[in-house]
Amino acid sequence: MFSKELRDMLLQVITSWQVLAVTIAVILYFFLVSYVGRNYRRPRHASAKLIPKAGRAEEVVVAGDEEEQTSEDEDLGLEEE
């Protein structure tokens, strides 16, 4: 299917030191990124998720405040009837 010259040229390109060096560099980079990705985790606090604090409940109430909603509506140019 391929001529002998094409096969020889392809073999020379694949076995050249530049191609081998780039291949090794890409493989090492992949392993480094996957290693860092596996080991870098943000600390998870299970107790903070299970036991809601009083300050968090107040923050939710403040976020649902009507004054805040009307100011957002005014910024958009909407009027309430």
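From a predicted model like this one, the values you see are computed outputs, not experimental measurements. (Residues numbered from 1 in each chain as written. Predicted model: local features only at pLDDT ≥ 70, side-chain atom pairs only at ≥ 80, totals over all residues. Heavy atoms only, no water.)

**Side note on the overall build of the chain**
Our working rule: Here a helix means four or more residues in a row that DSSP labels H or I, a strand means two or more in a row labelled E, and each is numbered from the N terminus. When accessible area is computed with a 1.4 Å probe and restricted to protein chains, residues below 20% of their type maximum are described as buried, those above 50% as exposed, and intermediate ones as partly exposed. Here, Shrake-Rupley sampling with a 1.4 Å probe gives the accessible areas, and only protein chains in the shown set may cover a residue.
Secondary structure summary: the chain contains 5 helices and 0 strands in total. Counting helices and strands in the order they occur from the N terminus, the chain gives α-α-α-α-α. Going through the 81 residues of the chain one by one, you find that 1% of them count as buried. For the chain, the exposed area adds up to about 8400 Å²; of that, 63% sits on carbon and sulfur atoms.

**Some thoughts on a nonpolar patch on the surface**
This is how the line gets drawn: The residues that make up patches have over 30% relative accessible area and no salt bridge, and they are joined within 9 Å when like-charged or within 5 Å when they are Val, Leu, Ile, Met, Phe, Trp or Tyr. Salt bridges are identified by distance alone: a Lys or Arg side-chain nitrogen within 4 Å of an Asp or Glu carboxyl oxygen.
A surface patch of nonpolar side chains, amounting to about 650 Å² of accessible area, comprises M1, F2, L6, M9, V13 and V19. If one sorts the elements of the nonpolar patch by residue count, helix α1 (residues 4-14) sits on top with 3 residues. Within the fold, F2 resides in the segment before α1. The class of F2 is partly exposed, set by a relative accessible area of 48%.

**Here's the deal with the pattern of salt bridges**
Going through the model one piece at a time under the given rule, you end up with 1 salt bridge. Two residues, K4 and D8, come together in a salt bridge whose shortest N-O distance is 3.5 Å. Remark: D8 and K4 occur in helix α1; sequence separation between them is 4 residues, near one turn of the helix. Overall, the relative accessible area of 58% leaves K4 in the exposed class. Overall, D8 belongs to the partly exposed group, its relative accessible area being 36%.

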